[in-house]
Amino acid sequence: MKKILVLNGPNLNLLGLREPELYGKETYEDLKRFLVETASRLGCEVECRQTNHEGVLVDWIQQSRGVFDAIILNAAAYTHTSVAILDAIKAVKARVIEVHLTEPKEREDFRRVSYVGMVAEKTFSGKKFQSYSEAMEYSVNHG
Ligand code: DQA
């Protein structure tokens, strides 16, 4: 059974409250439930974590080596700024699938750059929770 690690970055703990017109009304707890249900439908194991801290994401990426088959990563705002996350992914050769609830490329210019996207195997975005289920399906069926 494949083991998938889902990592969510800053402010995603505030789903439901945070700009619901963009991110939807469902909460982070709803997202966790959705991911667990999706994993059981697809027949994989999933572990979900969220942090507001860049270094914690770096630690979790480093520690995933040899433990998880793939990382589904929504680095949130760090997507667009973090060379440290890009380097961590390269350092441990992590298999990363990038996800976003929204479509960052259709928003402000500063969201057009994705450091995660430079090393991610694939990106799923713009479909709210469905971005995650498509990423999980892809992780399980490829690689
Ligand atoms: C996001 C998009 C990012 O640009 C933003 O900073 C987020 C959430 C998304 O899931 O759509 O925090 O990653």
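All residue numbers refer to positions counted from 1 along the written sequence of the respective chain. Only residues with pLDDT of at least 70 are given local features in this predicted model, and only at 80 or more are side-chain atom pairs given and counted; all residues enter the totals for whole chains, interfaces and linings. Side-chain metrics rest on all non-hydrogen atoms present in the structure, leaving aside hydrogens and water.

Caption draft 1: Quick look at the site of the ligand. A molecule or strand has a residue near it when one of that residue's heavy atoms lies within 4 Å. Surrounding the ligand, one finds Arg-18, Tyr-23, Asn-74, Ala-76, Ala-77, His-80, His-100, Leu-101, Thr-102, Arg-107 and Arg-111. Leu-101 is positioned such that a nitrogen or oxygen atom in its backbone is 2.8 Å from an oxygen atom of the ligand. One of the side-chain N or O atoms of Thr-102 is found 2.6 Å from an oxygen atom in the ligand. Protein contacts shield 99% of the accessible area of the ligand, which totals 320 Å² for the unbound molecule. At a threshold of 2 Å from the grid points, most atoms of the ligand map onto the largest pocket. In protein, a polar contact requires one atom able to donate a hydrogen and another able to accept it; more generally it is a pair of N or O atoms within 3.5 Å, and residues adjacent in sequence count only if both atoms are side-chain atoms. We get accessible surface area from the Shrake-Rupley algorithm with a probe of 1.4 Å; when it comes to residues, only the shown protein chains can shield them. Site definitions follow a grid-based scheme: protein atoms alone, a 1 Å grid, a 1.4 Å probe that fits but cannot get out for cavities, and for pockets an open set with protein on both sides within 12 Å along at least five of seven lines, plus lining residues having an atom within 4 Å of a point. Occupancy of a cavity or pocket is assigned to a molecule whenever over half of its atoms lie within 2 Å of that pocket's grid points.

Caption draft 2: Just the packing of aromatic side chains, in detail. Pairing of aromatic rings covers Phe, Tyr and Trp, the last counted by its six-membered ring, and requires centre-to-centre distances within 6.5 Å; plane angles under 30 degrees mean stacked, over 60 mean edge-to-face, and any other angle means tilted. For the structure shown, the criterion picks out two aromatic pairs. Note on Phe-34 and Phe-129: the rings are 5.4 Å apart at their centroids and 45 degrees apart in plane angle, and the pair reads as tilted. Of this pair, Phe-34 sits in helix H2 (residues 28–42) while Phe-129 sits in helix H5 (residues 129–141), and the two are 95 residues apart along the sequence. Residue burial is assigned from relative accessible area. The probe radius is 1.4 Å, only protein chains are included, and a residue is buried under 20% of its type maximum, exposed over 50%, and partly exposed in between. Using a relative accessible area of 8% as the deciding quantity, one classes Phe-129 as buried. Centroid distance Phe-124 to Tyr-138: 5.9 Å. Interplanar angle 55 degrees. Geometry classified as tilted. Placement of Phe-124 in strand E5 (residues 122–125) and of Tyr-138 in helix H5 is noted, with a sequence separation of 14 residues between them. Here the basic side chain of Arg-49 rests over the ring of Trp-60, its NZ or CZ set 5.3 Å away from the ring centre. Only DSSP runs of H or I reaching four residues or more are called helices, and only runs of E reaching two or more are called strands; each is numbered from the N terminus. In this scheme, the term charge over a ring applies when either NZ of a lysine or CZ of an arginine sits within 6 Å of the ring centre and within 35 degrees of the ring normal.

Caption draft 3: Structural view of H2. To estimate the expected span of a helix, subtract one from its residue number and multiply by 1.5 Å. Taking 1.5 Å of rise per residue, the 15 residues of H2 would be expected to cover 21 Å, and the 21 Å separating its terminal C-alpha atoms lies within 8% of that figure. The complete set of buried residues in H2 reads Tyr-28, Leu-31, Leu-35, Thr-38 and Ala-39. Buried residues along H2 cover an arc of 100 degrees about the axis, so they all sit on one side. Exposed residues lying more than 90 degrees from the buried face of H2 are Glu-37, Ser-40 and Arg-41. The arc in question is the one spanned by the directions pointing from the helix axis to the C-beta atoms.

Geometric values such as these leave the question of function open.
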